[in-house]
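Residues per chain, in single letters:
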Amino acid sequence: MESGGLLLWALPSALLLALLLQLSPRLRFRAKVLSYCALCLMASALTAPACLLWNGGRTVENMRIIKNVVRSFKYLYGLRFDVKGLEHFQVEGPCVIVSNHQSVLDMMGLMEILPDRCVQIGKRELLYFGSVGLIMYLGGVIFINRKSTSNAKSVMSGVGQAMTTDNVKVWIYPEGTRNGNGDLLPFKKGAFHLAIQTQVPVIPVVYSSFTTFYNPEKNLFTSGRIRVEVLPPIHTSGMTATDVTELCDTCYTTMRETFFRLSGTARRVNGSTPHLAQ
Ligand SMILES: CCCCC/C=C\C/C=C\CCCCCCCC(=O)SCCNC(=O)CCNC(=O)[C@H](O)C(C)(C)COP(=O)(O)OP(=O)(O)OC[C@H]1O[C@@H](n2cnc3c(N)ncnc32)[C@H](O)[C@@H]1OP(=O)(O)O
Ligand SMILES: CCCCCCCC/C=C\CCCCCCCC(=O)OC[C@@H](O)COP(=O)(O)O
């Protein structure tokens, strides 16, 4: 096609698309989320060869490369992180880090503060997200089958051994799924079993609510500021399987209080009308 003809089609199409994006908040929201997914896919495809060349294959060392790439994404989406308590990551040896999980945007918050030699536990399905699955595999992400408790448990006990022999930290989202409703879901216990089985500290990390700048129900995806707090380690030496529930409850209560404080929002009591957070 001649360049004049191309211009005749391309220009009005671009203008029409821009107009549609302006008119429809839903379309604008979807386009922005889609752009995030495309960015992740593209960045992963470009970073994977660098990981292979630099470190030769699947290793936690690749997380440093991934982290440096992902940390630049926040500028594209106007997101800023105010981080407190990073000194609590300075523990000797392995630990289990637990944090709240609100959306796919959490990857940016994760990479903002990810300590060295730290891998995440992720659902098995992520492995099939094209280049994103590949980069996660290369970074050493541990994939679990959430549909099979026995499989998840046996993978987790293998993780425990690797943590101590390879001096690796593990990052787990104890809610077990994304939750953007302005509260925390009840915690699953795998992270706390792992910490007690390996006798390593649990370090809770809390991200403030995204709801003021990211809310799929309201087609909202704007720039925003996220407050992050790394809480002091909870030591597990001497704890046994009978302490799992108490450890899990302590973490949940502390993280939920911190979440409401950081978000400056209301506290829900048994799903009822929220009371103002103190
Ligand atoms: C360069 C550009 C890059 C672009 C960006 C791309 C990528 C960036 C790269 C890397 C980033 C990766 C980030 C990955 C994030 C992934 C996020 C997720 O996928 S979250 C979902 C997956 N994670 C989890 O589910 C973890 C939390 N879940 C659990 O801990 C669960 O307990 C479980 C182990 C999965 C099991 O769950 P299930 O529902 O099946 O059972 P229950 O929890 O109810 O437990 C039943 C029963 O078993 C006991 N239990 C649990 N675990 C253990 C254990 N390890 N040992 C012994 N017993 C265990 C539990 O206590 C229950 O018993 P009881 O009721 O008696 O207490
Ligand atoms: C050739 C295959 C093409 C596949 C296309 C896949 C498109 C998606 C591409 C990129 C998305 C970027 C996602 C970054 C990683 C997000 C990790 C994440 O947040 O996973 C969610 C998981 O914690 C919990 O899942 P659920 O809330 O239980 O659900």
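Model, not experiment: these values are computed from the prediction.

> Explain the side chain of Glu112 to me, please; I cannot follow it from the model alone.
Topologically, Glu112 is positioned in helix H5 (residues 106-113). In contact with Glu112, other than residues within four places in its own chain, are Arg71, Lys74 and Phe81.

> Would you mind going over the packing of aromatic side chains with me for this structure?
The geometry of an aromatic ring pair is captured by two quantities: the separation of the ring centres and the angle between the planes. Taken as a whole and judged by the stated rule, the model has nine aromatic pairs. With 5.7 Å between their ring centres and 65° between their planes, Phe259 and Phe260 make a pair best called edge-to-face. Assigned by exposure class, Phe259 and Phe260 land together as buried. Seen from the ring of Phe221, Lys32 lies directly overhead, with NZ or CZ sitting 4.8 Å from the centre.

> When you look at the site of ligand 1 in this model, what are you seeing that I'm missing?
Taken together, 35 residues lie around ligand 1, and Lys123, Thr149, Lys188, Lys189 and His193 are the ones closest in. A distance of 2.8 Å is found between an oxygen atom of ligand 1 and a side-chain nitrogen or oxygen belonging to Lys188. Against a free-state accessible area of 1400 Å², the protein chains account for coverage of 82% of ligand 1. For the shell around ligand 1, the secondary structure elements donating two or more residues are helix H2 (25-55), helix H3 (62-70), H5, strand S3 (118-123), helix H6 (131-139), helix H7 (149-166) and helix H8 (190-198). Partitioned by chemical class, the residues of the shell around ligand 1 number 20 nonpolar, ten polar and five charged.

> It is not clear to me how H3 should be interpreted in this structure. Could you clarify?
Buried residues of H3: Asn62, Met63, Ile65, Ile66, Lys67 and Val70, and no others. Tucked into the core, H3 has its buried residues touching H2, helix H4 (73-77), H5, S3 and H6.

Criteria and thresholds
Residues numbered from 1 in each chain as written. Chains lettered and ligands numbered in written order. Predicted model: local features only at pLDDT ≥ 70, side-chain atom pairs only at ≥ 80, totals over all residues. Heavy atoms only, no water. Helix = DSSP H or I, 4+ residues; strand = E, 2+ residues; numbered from the N terminus. Contact = heavy atoms within 4.5 Å. Phe/Tyr/Trp six-rings, centres within 6.5 Å; stacked < 30°, edge-to-face > 60°. Buried < 20%, exposed > 50% of the residue type's maximum accessible area, 1.4 Å probe, protein only. Lys NZ or Arg CZ within 6 Å of the ring centre and 35° of its normal. Near = heavy atom within 4 Å. Polar contact = N/O pair within 3.5 Å; in protein donor to acceptor, adjacent residues only side chain to side chain. Areas by Shrake-Rupley, 256 points an atom, 1.4 Å probe, with all protein chains shown as cover. Nonpolar A, V, L, I, M, F, W, Y, C, P; charged D, E, K, R; others polar.

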